[in-house]
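# Structural characterization, general
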Amino acid sequence: MTLMTKFMGAAAALALSAGAALAEPALIFDLGGKFDKSFNEAAFNGAQRWAEETGGTFREIELQSEAQREQALRRFAEAGANPIITTGFAFATPVDAVAGDYPDTKFVNIDGWLPEIPANVQMISFQEHEGSYLVGMLAAQASKSGTIGFIGGMDIPLIRHFGCGYAQGAKAVNPDIKIVANMTGTTPSAWNDPVKGSELTKAQISQGADVVYAAAGGTGVGVLQTAADENILSIGVDSNQNHLHPGKVLTSMLKRVDVAVYNAMKNGADGVTGSMVLGLAEEGVGYAMDENNAPLVSDEMKASVEEARQKIIDGDLEVVAYYANDSCPALDF
């Protein structure tokens, strides 16, 4: 069975199961699957929350290849789904290509960027470097070796943006700290390669890292598992991943993709368009504290991070964005 045949069959099944309502929202997950325990799963959780609160239903599809991006957008638009929400930067170009053909459909893209945003499109992005700065502070305070690690997914500016904030936060605590950084790959498969994530974690441990931050989608599951197995600390990303290995995950850098999807569905076809950026001030990013990591974060650690958080919100502390000059003052990739 070809991928196209699989896609058409899945789309038909979704259309039948979704019911006859013409204004149902649709959610298209990025490669890696909706249960990646990270980015896509956060999006799914936001959609589920909307469905549970409203009694509504939404259509969804998990892509199997890059070629399906535009196909999925057009099929949902033709079926009357509205709004159509896409997850991941790679959807920006397909959304731009399709939006003009369906002016009465609202499209939402999370994490992408367009130089000019069509009138029926909303682009939602996050200040990932701000949240990463805070978990970098925690990593530096928790480290006993003076070496911490960063494992990214696909080597793109967005992921370097995460790593740059992390390095700045760590060096604010310990200017002499060593930061080992690796990317999983240069293709979309880098988001869903837990075996490679495990290998990179072991390599960083061999270089002395005792805290490793994974910003790698489904690949991060392998990072967190290996860190726990090797008795070092890890830091999760996007969703709260503290529960995956209680007492071994120092914290998780929260990126409220769930809130972005929930709000997009709640706003419906008549919601706002244009650009929206969510940072610490908007509670779009942050760090996770719960019963699973409470013993790992002392009151002093939390107080220092909360002080930095407020300074960032107030504008008294600037976290340099990787995007500013396509470079990082605290880390060489």
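See the structure shown above.
Computed from a predicted structure; not experimentally measured. (Residues numbered from 1 in each chain as written. Predicted model: local features only at pLDDT ≥ 70, side-chain atom pairs only at ≥ 80, totals over all residues. Heavy atoms only, no water.)

### Observations concerning helix α9 (residues 257-267)
For α9, the complete set of buried residues consists of Val257, Asp258, Ala260, Val261, Tyr262, Ala264 and Met265. Where the residues of α9 are buried, they touch β1 (26-29), α2 (39-54), β3 (84-87), β4 (107-110), β5 (121-126) and β10 (249-255). (Buried < 20%, exposed > 50% of the residue type's maximum accessible area, 1.4 Å probe, protein only. Helix = DSSP H or I, 4+ residues; strand = E, 2+ residues; numbered from the N terminus. Contact = heavy atoms within 4.5 Å.)

### A short note on the packing of aromatic side chains
Throughout the structure, instances matching the rule amount to seven aromatic pairs. A centroid spacing of 6.5 Å and a plane angle of 65° characterise the contact between phenylalanine 44 and phenylalanine 58, whose relative ring orientation is edge-to-face. Placement of phenylalanine 44 in helix α2 and of phenylalanine 58 in the loop between α2 and β2 (59-62) is noted, with a sequence separation of 14 residues between them. Each member of the pair phenylalanine 44 and phenylalanine 58 is classed as buried. Both rings, one in tyrosine 322 and one in phenylalanine 333, keep their centres 5.9 Å apart while their planes meet at 90°; by these two values the pair is edge-to-face. Of the two residues, tyrosine 322 is situated in the segment after α10 (299-314) and phenylalanine 333 in the segment after α10; the sequence distance between them amounts to eleven residues. Note that arginine 49 overlies the ring of tyrosine 262, its terminal NZ or CZ placed 3.6 Å from the centroid. Taking the ring centre of phenylalanine 91 as reference, the NZ or CZ of arginine 69 above it sits at 4.6 Å. (Phe/Tyr/Trp six-rings, centres within 6.5 Å; stacked < 30°, edge-to-face > 60°. Lys NZ or Arg CZ within 6 Å of the ring centre and 35° of its normal.)

### Overview of helix α6 (residues 157-173)
In this model α6 runs 25 Å from its N-terminal to its C-terminal C-alpha over 17 residues, within 8% of the 24 Å that 1.5 Å per residue would give. Burial analysis of α6 places twelve of its 17 residues in the buried class, the great majority of the element. Three or more residues of α6 are buried, namely Leu158, Ile159, His161, Phe162, Gly163, Cys164, Gly165, Tyr166, Ala167, Gln168, Gly169 and Ala170. (Expected span 1.5 Å × (residues − 1).)

### Here's the deal with the state of the cysteines
Tallying each qualifying case throughout the model produces one disulfide. Here cysteine 164 engages in a disulfide with cysteine 328; their sulfurs sit 2.3 Å apart. Disulfide cysteine 164-cysteine 328: torsion about the S-S bond near 90°, hence right-handed. One end of the pair, cysteine 164, is in helix α6; the other, cysteine 328, is in the segment after α10, and 164 residues separate them in sequence. (Disulfide = S-S within 2.5 Å.)

### A few points about empty space enclosed by the protein
Going through the model one piece at a time under the given rule, you end up with one cavity of 30 Å³ or more. As for the largest cavity, its lining consists of 20 residues, of which Phe39, Asp111, Trp191, Gly217 and Asp238 are closest to the centre. For the lining of the largest cavity, the elements supplying multiple residues, two or more each, are α2, α6 and β9 (233-238). Among the elements that make up the lining of the largest cavity, the one with the highest residue count is α6 (three residues). Its residues placed into classes, the lining of the largest cavity shows ten nonpolar, five polar and five charged. (1 Å grid on protein atoms, 1.4 Å probe; cavity = no way out; pocket = protein on both sides within 12 Å on 5 of 7 lines; lining within 4 Å. Points joined across faces, edges and corners; volume = space filled by probe spheres on them. Nonpolar A, V, L, I, M, F, W, Y, C, P; charged D, E, K, R; others polar.)

### Looking at the layout of surface pockets
Volume-wise, the largest pocket comes out at about 390 Å³. In terms of lining, the largest pocket is formed by 21 residues, of which the most central are Asp111, Gly112, Trp113, Ser125 and Tyr323. Considered as a void within the structure, the second largest pocket measures approximately 200 Å³ in volume. What lines the second largest pocket is a set of 13 residues, among which Ala42, Asn45, Ser239, Asn240 and His243 lie closest to the centre. A per-element tally of the lining of the second largest pocket places α2 first, with three residues. Its residues assigned to classes, the lining of the second largest pocket shows three nonpolar, five polar and five charged.

### With respect to the nonpolar core
Among the nonpolar cores identified, the biggest contains 67 residues, and Ile110, Phe162, Tyr166, Val211, Tyr213, Leu250 and Val261 are the most heavily contacted of them. When residues of this core are assigned to their parent elements, the largest contribution, eight residues, is made by helix α5 (residues 128-142). Those residues in contact with phenylalanine 162 that lie beyond four places of it in its chain are Glu128, Ser132, Phe150, Tyr213, Ala215, Val237, Asp238, Met253 and Lys255. The next biggest cluster of nonpolar side chains, apart from the first, holds 21 residues, and it includes Ile84, Phe91, Val95 and Leu114. (Core = buried A, V, L, I, M, F, W, Y, C linked by side-chain atoms within 4.5 Å.)

### Remarks on the packing of α5 against α10
In contact at an axis separation of 10 Å, α5 and α10 are set at 155° when each is read in the N-to-C sense. Taken together, the axes of α5 and α10 lie roughly antiparallel to each other. With respect to the hand of their crossing, α5 and α10 are arranged in right-handed fashion. Counting all contacts with α5, which are made through Glu130, Tyr133, Leu134, Met137, Leu138, Gln141 and Ala142, the residues of α10 involved are Glu300, Met301, Ser304, Val305, Ala308, Arg309 and Ile312. Its residues assigned to classes, the contact of α5 with α10 shows nine nonpolar, two polar and three charged. (Axes fitted to C-alpha atoms, helices over the stretch in contact; angles between N-to-C directions. Parallel < 35°, antiparallel > 145°, perpendicular 65-115°, else oblique. Left-handed = near helix turned anticlockwise from the far one by under 90°.)

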